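Working through the structure, step by step
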Amino acid sequence: MSKVKNIFQNSCISPLFIAESIAYHSAKTEIGAHQIFLGQIRADKIEDKIVKAIEYTAYEDLALTQMETIREEIFAKYNLACMHIYHSLGIVNAGEICLFVFTSSKHRKEATLACNEVVERIKNELPIWGREIFEDETHQWKINQ
């Protein structure tokens, strides 16, 4: 079996990294479609408090093992050329990107369906937690919706 890919990085996902990822794929001329999902931290107002950041933690070994299973199932279900997934750990400020899912295929339908399914499965199946940090420095655990 191949080495399990690490999807985690200890920071937000920079716009430059996203742009470079897209540019890198321009040499892959068999690809006709890319689907990209970017998860951005919102400055939600919760009971008169404003979210200024989310601190992400994960049970990394289990999350990576589960992600590898999801990756294999998605490649078996959809005719993809490639799939890239990056999820932040640590503190990510409001307005910054915390999740980047990038799927590519010959045709748009496969890339779109695969990307949507990967995002839903990450949110529902991986042991990743977010602690919402408010402007007054209090916090609460985030509930995925």
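Note: the structure precedes this text.
The model shown is predicted, which means the values in this text are computed figures rather than measured ones. (Residues numbered from 1 in each chain as written. Predicted model: local features only at pLDDT ≥ 70, side-chain atom pairs only at ≥ 80, totals over all residues. Heavy atoms only, no water.)

Description of the environment of A81
Just so we agree on the cut-off: Under the DSSP-based scheme used, a helix requires at least four consecutive residues in state H or I and a strand at least two consecutive residues in state E, with every element numbered from the N terminus. Relative accessibility thresholds used throughout: buried, under 20% of the residue-type maximum; exposed, over 50%; partly exposed, between the two (1.4 Å probe, protein chains only). Residues are treated as being in contact if the distance between any of their heavy atoms lies within 4.5 Å.
Structurally, A81 is set in strand β5 (residues 80-88). Accessibility expressed as a relative area gives 42% for A81, which makes it partly exposed. Taking C-alpha positions, A81 is 32 Å from N93, a pair spaced 12 residues apart along the chain. Every residue in contact with A81, bar those within four places of it in the chain, is listed here: I31, F75, S104 and S105.

Here we look at the packing of aromatic side chains
Operational definition: What counts as a ring pair is set by centres within 6.5 Å for rings of Phe, Tyr and Trp (its six-membered ring), and what kind of pair is set by the plane angle: stacked under 30 degrees, edge-to-face over 60, tilted for all other angles.
One pass over the full model with this rule turns up four aromatic pairs. Ring centres of F17 and Y86 lie 4.8 Å apart, and the angle between their planes is 85 degrees; on these two criteria the pair is classed as edge-to-face. Separated by 69 residues along the polypeptide, F17 in helix α1 (residues 15-24) and Y86 in strand β5 bring together distant segments of the chain. The class of F17 is partly exposed, set by a relative accessible area of 26%. Here F100 and F102 contribute two aromatic rings whose centre-to-centre distance is 5.9 Å and whose plane-to-plane angle is 20 degrees, an arrangement assigned as stacked. Accessibility expressed as a relative area gives 0% for F100, which makes it buried. Judged by relative accessible area, F102 falls into the buried class, the value being 1%. Among the aromatic residues, those joined into a cluster by ring pairs are F17, Y86, F100 and F102.

With respect to the side chain of S88
To keep it simple, the criterion reads: Two N or O atoms count as a polar contact when they lie within 3.5 Å, although within protein this holds only if one can serve as hydrogen donor and the other as acceptor, and sequence-adjacent residues are included solely when both atoms are side-chain atoms.
Within the element layout of this structure, S88 appears in strand β5. On the accessibility criterion, S88 (0% relative accessible area) is buried. Here the side chain of S88 touches S11 through a polar contact of 2.6 Å, landing on its backbone oxygen. If we ignore the near neighbours within four places in the chain, the residues touching S88 are Q9, S11, C12, I13, Y56, I97 and C98.

Brief notes about the packing of helix α2 (residues 60-77) against helix α3 (residues 108-125)
To be explicit about the condition: A fitted line through C-alpha atoms represents every axis, and for helices the fit uses only the stretch in contact; the resulting angles, taken between N-to-C directions, go from 0 to 180 degrees. For this classification, under 35 degrees means roughly parallel, over 145 means roughly antiparallel, 65 to 115 means roughly perpendicular, and everything else is oblique. In this scheme the handedness of a crossing depends on how the near helix is turned from the far one: anticlockwise by less than a right angle means left-handed, clockwise means right-handed. By the convention adopted, Pro, Cys, Tyr, Trp, Phe, Met, Ile, Leu, Val and Ala count as nonpolar, Lys, Arg, Asp and Glu as charged, and the other residues, Gly among them, as polar.
Where α2 contacts α3, the two axes come as close as 11 Å, and the packing angle between them is 155 degrees. Relative to α3, the element α2 is oriented roughly antiparallel. Between α2 and α3 lies a crossing whose hand is right-handed. For the pair α2 and α3, the contacting residues are Q66, M67, I70, E73, I74 and K77 in the first and E110, A114, E117, V118, R121, I122 and E125 in the second. Looking at the contact of α2 with α3 residue by residue, the class counts come to six nonpolar, one polar and six charged.

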